[in-house]
Amino acid sequence: MFQHKISSLPVVNQEKQPIAIVKAKSLLESLLNGHSPNQKIPLTLSEKLVCIKQTESLTSLVRLPHKHFPVVDDKSRLIGMLTRQDILDGFMKAIQILQRRQDTSEILNVVLQSAYEGIAVVDQNGIIQEFNEAYSRFTGIERRDAIGRHVTEVIENTQLHLTVKTGIPERGDLQIIQGQSMIVHRIPIWKENQVIGAIGMLIFEGVSEVYRIFEKIKANGTKERVVRSEEGKTHSDSNIPFSQIIGESEKISNVKRIARRAARTSATVLITGESGTGKELFAKSIHRLSPFSAGPFLTVNCSAIPENLFESELFGYEEGSFTGAKKGGKPGKVELAQNGTLFLDEVGELPLMMQAKLLRMLQEREVERVGGIKKYKVNVRIIAATNRNLEEMVAHGEFREDLFYRLNIIRLSIPPLRERTGDIAILLSHYIKEISQRYELPVKQLTSEAVSLLVEYEWPGNIRELVNVVERMVTLVDGIEISPKDVYECLPSTKFTQSFVSQESLVELGKKKGLAKEKSDLVEALMKANGNKTKAAELLGIHRTTLYQKMKRLGFT
C-alpha cells in the first residue's frame, strides 16, 4: 500500500462484491500493537462500508461522513474506488470548467465589441440578438435599441433575414448603407439541419476603402510574392489555386493542407476518390504551386485511349514505325510534359503491359519512342488519379504491386460529398451565382427547406451531379425562388422520391401549423390589449413596427 501510495483497500467476496474496506492507518496500528504480519487481517479494522453506483452524483456524497467509497456496477460488483479527495478533485474540475466557460464568454464578448468589422446576429425570425459597437457607430443606432428589433428596421437594404430563410451563405456581397456601397458577408447558422440564425459582417468601411488598400499594395509592389527555384524557374508562393476548391469542412480542409505540402515537393502523388469529387482540380492546383509550375500541365485519360495506341500516345513514335505513322514521328505526352506535370487520370484502367513500361519510365526517368532506338531523359512530375481501389486490384493481380508503390508516394483521398455535407450550402451558393451569370438569368434563391433536402441527399455523382442539378434548377424553374417541389422534380434519382414527398408534406404541414399558432397568439395579444397595438407588441415581446408587418402578413386589416 505504501509502494503504490494507496490509503485503503477494498475487500471483496467470491462474487467480487465489496464487503469491507481496510485502511493503511489501521494496519499500521495493528502491527504496532503486536500483531504478526503473517496473521489474517481482522475485518474489525475496516470502516463502515458505503457502496455507490457508477451513475451516482458527487453532490450526494458530500454530506456522508465516510472517506472511502467502493464503486459498484448493476450487479453490485466492485469496479473502482473513490476517496473524499477524489470527490473534492471532481468538484474543483467542475468549478474550473465553469470558470473557463465564463472566461470564454467574456472573451468572446470583448472580441465582438472590439472588432473593426460591424457584426450583427439574428435569430430564425430575423430578430437581432447581437449588435456590436462597430455596427452601432456606423448606423448611429445604440446597441440596446437594436437588439430585439427586426433586422430590416435597423440595417438599411439588409438581406440577412433572407439568409435565414434560404440557408445560403453570401460572401463579399455589395450592400448600399446610408448611400455607400458596403462589402458584407452573410453566414447562416445551422444546427441539426435547420437554420437557427445568421451572422452579418460589415467587412470594410466602404468600397473606397478597398480601392485604397489595393492602391497601397500596388505602390509597395507586393501584390504577389514570387520565389525563384534553384533552376531559375519562378512560381507563386500564394495559395490562390486552392481557392478554386470550394469547401470549409474539416475533411476537405485536411486534404487541401496535405496537397499544399505535397505541392512544394517533386514527389509522385496518387489522388483517390469517387467519380466527380474534383481529382483533376486538385492535380491542377498542386501543379500551379509546385516547382514544375513553369512547365506544361498535360492530362492523359487512361480509360479513353485504345490499348494498341496507348504506348505511342504516351511515349511517342518514330517515322515509319507502323503503317500510318506520321512523317518525322511524333513526341508522346511524356516528352511534351517535359519540366511540367503529367496527370494520369483513371490510372487503374492502364493495361498490364503499359503498367510495366510506365514503371520503367518512373524508375529510369527516360523514355524510348515506339520504333526508336534513342532514349530521352525526362524531368516530369507524375500525378495519378483513380476512382478504383488499387489495393484490391493488386490483390487480384489486376495492377502491378511495384507500380502501386511507385505511384503511392503521397496519397490524397478526396472525400465524397455525402461525407462533407457542411460544404453543400456553400457549393450551392457558388454554382447558382456562376450558372445564373453564364446564362444571363436573375440569380435564383433556394428556400431553407429546399437547402435542407439538398443537404440530406446522398449525391452519388458528387460535385459533378450537384452542378448538373443546379444548372437544371436555374434554367427550368420559373420565378426567383426554388422550392422543395422544384428540387424533387430536378433530381434525377428515383430512390429518394418517397423521402422527398414525405418531407415536403411535413414542411407544408409545419408551415400551416406555424401560421395558425402565430395568428392565434396575435389575436390573443390584441384582445388582452383591447386593440391597443403598442401594448399588444409589448405582450408579444416585439417592436410595434414588427407587429404591423406581422398583421399585414397574416391578413389583418
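Residues numbered from 1 in each chain as written. Predicted model: local features only at pLDDT ≥ 70, side-chain atom pairs only at ≥ 80, totals over all residues. Heavy atoms only, no water.

## Things to note about the layout of surface pockets
So, step 1. Of the voids in this model, the second largest pocket is the one considered here, and its volume is about 420 Å³.
So, step 2. In terms of lining residues, the second largest pocket is bounded by 21 residues, among which Gly 276, Thr 277, Gly 278, Lys 279 and Arg 464 are the most central.
So, step 3. In terms of residues, the lining of the second largest pocket owes the most to one element, helix α9 (residues 279-288), which gives 4 residues.
So, step 4. Looking at the lining of the second largest pocket residue by residue, the classes come out as 10 nonpolar, 5 polar and 6 charged. (1 Å grid on protein atoms, 1.4 Å probe; cavity = no way out; pocket = protein on both sides within 12 Å on 5 of 7 lines; lining within 4 Å. Points joined across faces, edges and corners; volume = space filled by probe spheres on them. Helix = DSSP H or I, 4+ residues; strand = E, 2+ residues; numbered from the N terminus. Nonpolar A, V, L, I, M, F, W, Y, C, P; charged D, E, K, R; others polar.)

## Considerations on the packing of aromatic side chains
So, step 1. Scanning the model with the defined rule gives 4 aromatic pairs in all.
So, step 2. With a centroid separation of 6.1 Å and 25° between ring planes, the pair formed by Phe 297 and Phe 343 is classed as stacked. One end of the pair, Phe 297, is in strand β14 (residues 297-301); the other, Phe 343, is in strand β17 (residues 341-345), and 46 residues separate them in sequence.
So, step 3. The buried category is assigned to Phe 343, whose relative accessible area is 0%.
So, step 4. Taken together, a centroid distance of 4.8 Å and an interplanar angle of 85° make the contact between Tyr 457 and Trp 459 edge-to-face.
So, step 5. A residue is classified by how much of its surface remains accessible, and Tyr 457, at 4% relative accessible area, is buried.
So, step 6. A residue is classified by how much of its surface remains accessible, and Trp 459, at 0% relative accessible area, is buried. (Phe/Tyr/Trp six-rings, centres within 6.5 Å; stacked < 30°, edge-to-face > 60°. Buried < 20%, exposed > 50% of the residue type's maximum accessible area, 1.4 Å probe, protein only.)

## Brief notes about the sheet that holds strand β20 (residues 381-386)
Consider a sheet: its strands pair through backbone hydrogen bonds, and that pairing is either parallel or antiparallel.
So, step 1. Strands sit in the order β14-β17-β20-β13-β21 across an open sheet of 5 strands; the sheet is parallel. Across the chains shown, the open sheet's two edge strands, defined by having one partner strand only, are β14 and β21 (410-413). Across this sheet, the average inter-strand angle for adjacent strands is 20°, counted without regard to direction.
So, step 2. The pairing of β14 with β17 spans 5 bridges and is parallel. Opposite Leu 298, over in β17, you have Leu 342 as the bridge partner. (Pairing = 2+ DSSP bridges. Axes fitted to C-alpha atoms, helices over the stretch in contact; angles between N-to-C directions.)

## A word on the environment of Gln 175
So, step 1. Its location among the elements puts Gln 175 in strand β8 (residues 170-177).
So, step 2. The class for Gln 175 is buried, based on a relative accessible area of 4%.
So, step 3. For Gln 175 and His 185, which are 10 residues apart along the polypeptide, the C-alpha to C-alpha distance reads 9.9 Å.
So, step 4. Those residues in contact with Gln 175 that sit more than four places away from it in its chain are Ile 155, Glu 156, Asn 157, Thr 158, Gln 180, Ser 181, Met 182, Val 184 and Arg 186.
So, step 5. Within the structure, the side chain of Gln 175 is placed 2.9 Å from the backbone oxygen of Glu 156, a separation counted as a polar contact. (Contact = heavy atoms within 4.5 Å. Polar contact = N/O pair within 3.5 Å; in protein donor to acceptor, adjacent residues only side chain to side chain.)

## Overview of the pattern of salt bridges
So, step 1. Taken as a whole, this structure holds 21 salt bridges when the rule is applied.
So, step 2. Between Arg 400 and Asp 402 there is a salt bridge whose closest N-O contact spans 2.8 Å.
So, step 3. By relative accessible area, which is 33% here, Asp 402 ends up partly exposed.
So, step 4. Here Arg 438 and Glu 434 are joined by a salt bridge, their closest N and O atoms 3.5 Å apart. In this pair, Arg 438 and Glu 434 both sit in helix α15 (residues 424-438), 4 residues apart, roughly one turn of the helix.
So, step 5. On the accessibility criterion, Glu 434 (32% relative accessible area) is partly exposed.
So, step 6. Residues participating in the shared-partner salt-bridge network are Glu 170, Asp 173 and Arg 186. (Salt bridge = Lys/Arg side-chain N within 4 Å of Asp/Glu carboxyl O.)

## Let's talk about empty space enclosed by the protein
So, step 1. In total, this model carries 1 cavity of 30 Å³ or more according to the counting rule given.
So, step 2. The computed volume of the largest cavity comes to approximately 50 Å³.
So, step 3. Together, Tyr 135, Ile 155, Thr 158, Leu 160, Gln 175, Val 184, His 185, Arg 186, Gly 200 and Met 201 line the largest cavity.
So, step 4. Among the secondary structure elements, those contributing two or more residues to the lining of the largest cavity are β9 (180-191) and β10 (194-202).
So, step 5. Per element, the largest residue contribution to the lining of the largest cavity is 3 residues, and it comes from β9.
So, step 6. Of the residues in the lining of the largest cavity, the class split is 5 nonpolar, 4 polar and 1 charged.

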